[in-house]
Amino acid sequence: MSERYLQPKDMPDNLWLSSSGTLVLPDALVNVYEKMLKKKGLYEVAKEKDSEEEGVVGGITEDDTKTHFATRFSGSAARTQLSMLDPKNELGNASNLFIKAFSGGTVGLLDIPSGAGAAAITILLTIASLREKGLLPRQRLVVKLVSGDVSEHARLYASEMLGGIIAHLEAQSIYVEEKSIEWDVCGAESTSAVLYEWMQHATNCHEYFVVMANFSGFLQSSGKLKKATPQLDEVIRWAAQRRSTVIWLEPQTNTVTKNFFPCVLKRFTDKLPRAFKKLWDETADFLKSHCTYIHPIKNYKPRVKVSLIRLEASDI
Ligand SMILES: C[S@@+](CC[C@H](N)C(=O)[O-])C[C@H]1O[C@@H](n2cnc3c(N)ncnc32)[C@H](O)[C@@H]1O
């Protein structure tokens, strides 16, 4: 493993409290989330509802989006931040992959399924926080973002959330050009459409990056994995053509670690052996980490656990 750009000992205390092993979500993320909850009349729901409730995986209706946003958004954000910072040094090169890709230049980011934008927004605001603390240079960074999700409501939430942080990002020389597009992972045409949009919108980038976050609930709970598999293959094939980094992160449930990820990994290694190679300890199929985080609006510290597969473009 190459040396880390951001060493665990250098984690700033606006993102990680080392004494208690607790993540701190970026201030700007807490602010925009709180504002959005209030605007959508969801603040009380978010305060009262149990965010650990099973079965909240998002979905196509406005109610699905609202429930997911009020109860799961901060957990998704914390899971992304944990993958990105890897403060316990348990996730191989993951932190380097994020930091290298988003340190400057032009990046073509594909966030699928985007939901309300937790993954992309967390990546952007974590980079902004590291710049604020002087841990990363403030080089011009242009992110050409394509967000895809089956739910129009979720996509609208993502765009609104992004709108709420644009000024904050620009103060750190981070410029986002967003396109949001309907995407059904079970649909072949829809998947080609989202990939075409990514090819068109994100051209001439230094880096291409695909983040897939918290999708196993939907894919497994509704038994859709089989139907989705050809489309997931297509995403990986096109990502490989662009020498992309693909990071797929999920909660660390038994279903994910014992069934879902092994199944997905077997598929990719059997069917797409040239497209990507695993660049970590061959004895471990995927990487795991956990910690606590400060909840953005409740006075407690939930646990967050992540398991992730990261796939890097090989020299094809
Ligand atoms: C658990 S959320 C994760 C969203 C986001 N990545 C995050 O980390 O917060 C799952 C998302 O999958 C979306 N989804 C459900 N079925 C889908 C489908 N058939 N195709 C694409 N997205 C779908 C839902 O609308 C929801 O936004």
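Everything that follows concerns the structure shown earlier in this document.
Each value, and the rule that gives it
Residues numbered from 1 in each chain as written. Predicted model: local features only at pLDDT ≥ 70, side-chain atom pairs only at ≥ 80, totals over all residues. Heavy atoms only, no water. Helix = DSSP H or I, 4+ residues; strand = E, 2+ residues; numbered from the N terminus. Rg over C-alpha atoms; globule rule 2.2 N^0.38 Å. Buried < 20%, exposed > 50% of the residue type's maximum accessible area, 1.4 Å probe, protein only. Contact = heavy atoms within 4.5 Å. Areas by Shrake-Rupley, 256 points an atom, 1.4 Å probe, with all protein chains shown as cover. Lys, Arg positive; Asp, Glu negative; His and termini not counted. Charge placed at Lys NZ, Arg CZ, Asp CG, Glu CD. Salt bridge = Lys/Arg side-chain N within 4 Å of Asp/Glu carboxyl O. Expected span 1.5 Å × (residues − 1). Arc of directions from axis to C-beta. Polar contact = N/O pair within 3.5 Å; in protein donor to acceptor, adjacent residues only side chain to side chain. Near = heavy atom within 4 Å. Nonpolar A, V, L, I, M, F, W, Y, C, P; charged D, E, K, R; others polar. Phe/Tyr/Trp six-rings, centres within 6.5 Å; stacked < 30°, edge-to-face > 60°. Lys NZ or Arg CZ within 6 Å of the ring centre and 35° of its normal. Axes fitted to C-alpha atoms, helices over the stretch in contact; angles between N-to-C directions. Parallel < 35°, antiparallel > 145°, perpendicular 65-115°, else oblique. Left-handed = near helix turned anticlockwise from the far one by under 90°.

Draft legend 1. Structural detail: the overall build of the protein chain. Along the protein chain, the regular secondary structure elements total 11 helices and 10 strands. Radius of gyration (C-alpha) of the protein chain: 18 Å, near the 20 Å computed for a compact globule of 316 residues. Classification of the 316 residues of the protein chain by burial places 56% in the buried group. Contacts spanning at least 24 positions in sequence make up 78% of the contacts within the protein chain whose residues lie at least 6 apart. About 13400 Å² of surface is accessible on the protein chain, with carbon and sulfur atoms providing 48% of the total. Here the protein chain contributes 39 positively and 38 negatively charged side chains, and the mean placements of these two sets differ by 3 Å.

Draft legend 2. Representation of the pattern of salt bridges within the structure. Under the defined criterion, the tally for this structure stands at 10 salt bridges. Residue K179 is joined to E197 by a salt bridge in which the shortest nitrogen-to-oxygen separation is 3.8 Å. Here K179, found in strand β5 (residues 174-182), pairs with E197, found in helix α8 (residues 188-201); they are 18 residues apart in sequence, far enough to count as distant. Between K266 and D270 there is a salt bridge whose closest N-O contact spans 2.5 Å.

Draft legend 3. Representation of helix α6 (residues 152-163) within the structure. When the terminal C-alpha atoms of α6 are compared, their 16 Å separation across 12 residues agrees well with the 16 Å that a helix rising 1.5 Å per residue should span. If you check which residues of α6 are buried, you get A154, R155, Y157, A158, M161 and L162. Across the axial projection of α6, the buried residues extend over an arc of 160°, all falling on one side. Here the buried face of α6 lies against α1 (27-39), α3 (62-85), α5 (118-132), β4 (141-149), α7 (166-170) and β5. Between the side-chain oxygen of the N-cap and the backbone nitrogen of H153 there are 3.2 Å, and the N-cap of α6 in question is S151.

Draft legend 4. Highlighting the site of the ligand. Around the ligand there are 18 residues in total, and P113, D149, D184, A213 and N214 lie nearest to it. Backbone polar atom of P113 to a nitrogen atom of the ligand: 2.6 Å apart, as the coordinates give it. The separation between a nitrogen atom of the ligand and a polar main-chain atom of W183 is 3.3 Å. Tallied by class, the residues present in the shell around the ligand amount to 9 nonpolar, 7 polar and 2 charged.

Draft legend 5. Focus on the packing of aromatic side chains. The tally for this structure, following the rule as stated, stands at 13 aromatic pairs. Between the aromatic rings of F98 and F209, the centroid separation amounts to 5.2 Å while the plane-to-plane angle is 40°, which identifies the pairing as tilted. Of this pair, F98 sits in helix α4 (residues 94-101) while F209 sits in strand β6 (residues 207-213), and the two are 111 residues apart along the sequence. Across the pair, exposure class does not vary: F98 and F209 are buried alike. Positioned above the aromatic ring of Y43, the side-chain terminus of K38 is 4.8 Å from the ring centre. Positioned above the aromatic ring of Y157 is the side chain of K40, whose terminal nitrogen or guanidinium carbon lies 5.0 Å from the ring centre.

Draft legend 6. Representation of the environment of D184 within the structure. Note on placement: D184 falls in the loop between β5 and α8. Once the C-alpha coordinates of D184 and A228 are considered, the two residues, 44 residues apart in sequence, prove to be 8.8 Å apart. Contacts of D184, omitting those with residues within four sequence positions, involve V150, S190 and T191. Within the structure, D184 has its side chain in polar contact with the backbone nitrogen of C186 (distance 2.9 Å).

Draft legend 7. Inspection of the packing of α8 against helix α10 (residues 225-241) at higher detail. Interaxial distance between α8 and α10 falls to 9 Å at its minimum, and their mutual angle equals 20°. Classified by the angle their axes make, α8 and α10 are roughly parallel. Both α8 and α10 take part in a crossing whose hand is right-handed. Every residue of α10 that contacts α8 at A188, T191, S192, L195, W198 and M199 is listed here: Q231, E234, V235, W238 and A239. Residues of the contact of α8 with α10, tallied by class, amount to 7 nonpolar, 3 polar and 1 charged.

Draft legend 8. Quick peek at the side chain of D111. Along the chain, the position of D111 falls in strand β3 (residues 105-111). When sequence neighbours within four positions are dropped, the list of residues in contact with D111 reads G117, A119, A120, L145, V146, S147, G148 and V211.

Draft legend 9. Representation of unusual backbone geometry in the model. A cis amide bond, omega -15°, links I112 with the succeeding residue P113. In this structure, P113 sits in the loop between β3 and α5. If you check the backbone angles, N204 has positive phi at about 50° while not being a glycine. Summarising the element assignment, N204 is placed in the loop between α8 and β6.

Draft legend 10. Expanded view of the environment of Y5. Mapped onto the secondary structure, Y5 falls in the segment before β1 (16-17). Once the C-alpha coordinates of Y5 and N93 are considered, the two residues, 88 residues apart in sequence, prove to be 9.9 Å apart. Setting aside chain neighbours within four positions, we find Y5 in contact with N96, I99 and K100.

Bear in mind that shape data such as this cannot, by itself, settle questions of function.
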